[in-house]
Amino acid sequence: MGTRTSKLSSIDLALDGLEDGQTLIIGGSLFHNKPMFLVREIIRRQIKDLIVVSVPQASIDVDLLISAGCVAEVRVPYMGFEYLGLAPGFRKAASDGKIRVWECDETHILAALEASARKLPSGIAKAGVGTDVHRLNPDLKLVKDHISGEPLTAVAALKPDLAIMHAAAGDKYGNLRYSGYSFADLMVAEATRQGGGKVVASVDEVVPNASFTKDPFRTNISCMLIDHVIEAPYGAYPCSSHGSYQFNEAAIVEYLNASKTEQGTLDYIDDHVMSVPSHDEYLDKHVNLHSLIEAKAKTYVD
Amino acid sequence: MSIESSPVAWPELAAFVLSKELGDGEIGSPGGARSEIPLAAARLAQLTHAPNLMIITSAAGFVANSVGKAPAPLFHSTMDYRNIYAGTETVLNFMSVFNTPRDWFFAGGLQVDSFGNLNMTAIGDIKAPKLKGPGGAGLSYASSVARRYFIYMQQHSKLSFVNKLDYVTAMGYGSGPGDREALGLVGGGPALVFSPMAAMDFCNVTKRMRLRSVHPGHTVEEVLDNTGAEIIVPEDVPTTALPDAETIEILRTKVDPSGVLQNLKGAR
């Protein structure tokens, strides 16, 4: 009898093949379930001209990639920090003409991902009808429905080269379990896998396969869709691993404040990314035990 | 008496006024960059006149009803995991969030025009915008399908209430009656706009924005001086009614026990 292959991977193996100009899709939403340690590693590798996709929302993950000069095009329906404000790196780069912004609605990206997942050439959405989005983004086509003649938006299937996502727990085969919401991660994995790309999941904890077989109804994403699993405790920090630990608001505000000046941005990237070659070193330098205990405790309400 | 010196902060007044718009048995989603305001509005409605109202926090699929449950804190973000403690009964699959009916949702915007069209894209030339907005989020989708929706603007100025948007991100009534129907937009369009100064609805016939009430401490003249959009001003514009003591009590002890709304930036 053969042995089942483990997908536990090093960062080097997981990011092998990631090249300038490729399409990267990031799971999670806003500042939740963002695989931040992989984002930092991509910056350290100085990958350039990425097309970065995230749905429905991105914040520090994509903003940091933009500020670090890794991004040519942004495909994110909402780029911002919600109640904490707008995205500084994104705003500046868009105003300076340094990035292309692929204007869109959530349902445009989802239709494009769904098309990839089902191996269709394109998807449709009602969103965009009556708006300026077709003029701003020529990839979104205003079309007439073949059956009713009703105006709709068509969008080509989106096939990312690489998907990165973060879950609370996974086994060595790639089954994933989330403590809280998994957002669009399943769709992201399906679209990437079916489109021929690679899916990398980081997890706070690698758990035994038996942890999944004893309650398969609680498995969120099947190992069939996952190529690599990397164990990275607090790998989403300073974002949340939804339901396992809260995002660190002060650490996110620290980024926002640093981003007010060009020098501040450079210093932040140096301090939080370039000067810490590994996740362990990042944790040693920027995270103290107290803040982790607090991040965990904050998932409860008395 | 102005709101500044009145017993309620404007985000609380917003939550109160908006709660009265929400009907019993409806399904809706709080949203926008200050989602704690519509979230509070929906919970207040559940605890007053709409016990069968269901809230879907769109971004995280939480389906909640607060009736008969212990008070939970109000958090700034509808995506905050801790909202599971605020009466959440179901968590929708991500795609189900888009496949479930909506009687209403809430939206914000950089600019709104006289017909309730919204700009979230940018101010200025798109190639080098003065202000790059966060993007369309799901506004175009939601505004095309929801039975109606509410717009809340954090600022009331000539820059935010304009006659012509720099970019249309989500269509309200287009350029007037019949535009939505012609494009097959099945949702009913915007119903109410709330700002720190006033509440505005839309004329049934012309679909143009109409001043409905002015908040205590503000005047019709002041509203018009700060509105760049052409809006209908009826002969009599009432003062926005404040919540009664009982409603304030529910708002402050059951909906927002930690005073998040009172302490929002610019709340007073």
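Residues numbered from 1 in each chain as written. Chains lettered and ligands numbered in written order. Predicted model: local features only at pLDDT ≥ 70, side-chain atom pairs only at ≥ 80, totals over all residues. Heavy atoms only, no water.

For chain B, the name recorded in an unreviewed UniProt entry is Glutaconate CoA-transferase subunit B, with Sneathiella litorea as its organism.

Going by what an unreviewed UniProt entry lists, chain A is known as CoA transferase subunit A and is assigned to Sneathiella litorea.

Points about the interface of chain A and chain B
Buried accessible area, meaning the area lost when the parts come together, often serves as the stated size of an interface. Of the residues lining the interface, 50 residues belong to chain A; the matching set on chain B comes to 51 residues. Both sides of the chain A and chain B interface together cover about 3900 Å² of buried area, and 62% of this is carbon and sulfur. Counting the surface chain A buries against chain B, the share from its top three residues, A:Y83, A:Y181 and A:V301, is 16%. Summed over the shared surface of chain A and chain B, the result is one salt bridge. Salt-bridge contacts for B:K132 lead to A:E103; the nearest nitrogen and oxygen are separated by 2.9 Å. Connecting chain A to chain B are 21 residue pairs in polar contact (both at pLDDT 80 or more). Secondary-structure elements contributing two or more residues to the side of chain A that touches chain B are β5 (78-79), α4 (88-95), α5 (106-117) and α6 (133-136) of chain A. Here the side of chain A that touches chain B is composed, by residue class, of 24 nonpolar, 15 polar and eleven charged. (Contact = heavy atoms within 4.5 Å. Buried area = accessible area lost by both parts, 1.4 Å probe. Salt bridge = Lys/Arg side-chain N within 4 Å of Asp/Glu carboxyl O. Polar contact = N/O pair within 3.5 Å; in protein donor to acceptor, adjacent residues only side chain to side chain. Helix = DSSP H or I, 4+ residues; strand = E, 2+ residues; numbered from the N terminus. Nonpolar A, V, L, I, M, F, W, Y, C, P; charged D, E, K, R; others polar.)

Observations regarding the sheet that holds strand β8 (residues 140-144) of chain A
All names here are of chain A. Strand order in the open sheet made by the three strands is β7-β9-β8, with antiparallel pairing throughout. With one partner strand each, in any of the chains shown, β7 (122-125) and β8 form the two edges of the open sheet. This sheet shows a mean twist of 35° between the axes of neighbouring strands, independent of strand direction. The sheet strands contacting α5 are β7, β8 and β9 (151-156), and the helix crosses β7 at an angle near 150°. (Pairing = 2+ DSSP bridges. Axes fitted to C-alpha atoms, helices over the stretch in contact; angles between N-to-C directions.)

Comments concerning the domain arrangement of chain A
Residue and element names in this part refer to chain A. Along its sequence, chain A is organised into domain 1 (11-103 + 159-297) and domain 2 (106-156). Computed over C-alpha atoms only, the centres of domain 1 and domain 2 are separated by 27 Å. Every contact between the two is made by 15 residues of domain 1 and, on the other side, 14 residues of domain 2. Taken together, the two surfaces of domain 1 and domain 2 that pack against each other cover about 1400 Å², and 70% of this comes from carbon and sulfur. The three residues of domain 1 that bury the most area against domain 2 are W102, E103 and Q194, which together make up 42% of that side's buried surface. Across the salt bridge formed by R75 and D139, the nearest N and O atoms sit 3.7 Å from each other. At the boundary of domain 1 with domain 2, the tally comes to five residue pairs in polar contact (both at pLDDT 80 or more). Residue contributions to the side of domain 1 that touches domain 2 peak at five residues, all from helix α7 (residues 185-194). The class makeup of the residues in the side of domain 1 that touches domain 2 is nine nonpolar, two polar and four charged. (Domains from an automatic or database assignment.)

Concerning the side chain of A:Q246
Note on placement: A:Q246 falls in the loop between β13 (228-231) and α9 (249-258). In this structure the side chain of A:Q246 is engaged in a polar contact, spanning 3.4 Å, whose partner is the side chain of B:D80. In contact with A:Q246, not counting residues within four places along its chain, are A:C239, A:S240, A:A295, A:K298, A:T299, B:D80, B:Y81 and B:R82.

Re the environment of A:F37
Residues and elements named next belong to chain A. Mapping F37 onto the fold places it in helix α2 (residues 36-44). Its relative accessible area of 3% is what places F37 among the buried residues. It is 6.2 Å that separates the C-alpha atoms of F37 and H279, two residues lying 242 residues apart in sequence. Here F37 is in contact with I11, R44, S202, I230, A232, G235 and H279, once residues within four sequence places are set aside. (Buried < 20%, exposed > 50% of the residue type's maximum accessible area, 1.4 Å probe, protein only.)

Quick look at the pattern of salt bridges
Under the counting rule described, the total for this entry stands at 25 salt bridges over all chains. Put simply, A:D96 and A:K92 hold a salt bridge, and the shortest N to O gap is 2.7 Å. By relative accessible area, A:D96 is classed as partly exposed at 42%. A salt bridge links B:K69 to B:E89, with the shortest nitrogen-to-oxygen separation between them at 2.5 Å. Within this pair, whereas B:K69 is found in the loop between β3 (62-64) and β4 (88-91), its partner B:E89 is found in strand β4, the two being separated by 20 residues in sequence. Overlapping salt bridges, with partners in common, bring together A:D12, A:E41, A:R44 and A:R45 in one network.

Overview of the sheet that holds strand β1 (residues 27-29) of chain B
Residue and element names in this part refer to chain B. Strand order across the open sheet formed by nine strands is β4-β3-β2-β1-β5-β10-β11-β12-β13, with mixed pairing between neighbours. Each edge of the sheet is formed by a strand with only one pairing partner; in this case those strands are β4 and β13 (209-214). In this sheet, adjacent strand axes meet at a mean angle of 25° when their direction is disregarded. Here helix α1 (residues 10-21) sits on the sheet in contact with β5 (104-107), β10 (148-152), β11 (190-194) and β13, set at roughly 160° to β11. Together, β2 (54-57), β3, β5 and β10 form the strand contacts of helix α2 (residues 36-47), whose direction differs from that of β2 by roughly 160°.

Here we look at the packing of α2(B) against helix α7 (residues 245-255) of chain B
Residues and elements named next belong to chain B. α7 packs onto α2 with a crossing angle of 115° between their chain directions and a minimal axis gap of 10 Å. In terms of their interaxial angle, α2 and α7 are classed as roughly perpendicular. Crossing handedness for the pair α2 and α7: right-handed. Note on element contacts: α7 touches α2 through T247, I250, L251, K254 and V255, opposite A40, R43, L44 and L47. Per-class residue counts for the contact of α2 with α7 are six nonpolar, one polar and two charged. (Parallel < 35°, antiparallel > 145°, perpendicular 65-115°, else oblique. Left-handed = near helix turned anticlockwise from the far one by under 90°.)

Examining the packing of aromatic side chains
Applying the stated criterion across every chain, the model contains 15 aromatic pairs over all chains. Note on B:W10 and B:F194: the rings are 6.1 Å apart at their centroids and 15° apart in plane angle, and the pair reads as stacked. With a gap of 184 residues between them, B:W10 in helix α1 and B:F194 in strand β11 connect regions that are remote in the sequence. With respect to burial, B:W10 and B:F194 carry one shared label: buried. One aromatic cluster is present, built from ring pairs that chain together A:F31, A:Y83 and A:F247. Lying over the aromatic face of A:Y282, A:R40 brings its terminal NZ or CZ to 3.5 Å of the ring centre. The aromatic ring of A:F212 is capped on one face by A:R177, whose charged end is 4.6 Å from the ring centroid. (Phe/Tyr/Trp six-rings, centres within 6.5 Å; stacked < 30°, edge-to-face > 60°. Lys NZ or Arg CZ within 6 Å of the ring centre and 35° of its normal.)

Overview of the side chain of A:S240
Residue and element names in this part refer to chain A. Along the chain, the position of S240 falls in the loop between β13 and α9. Among the polar contacts listed, one links the side chain of S240 to the side chain of H32, at a separation of 2.8 Å. If sequence neighbours within four positions are ignored, S240 has contacts with F31, H32, N33, K34, Y245, Q246 and F247.

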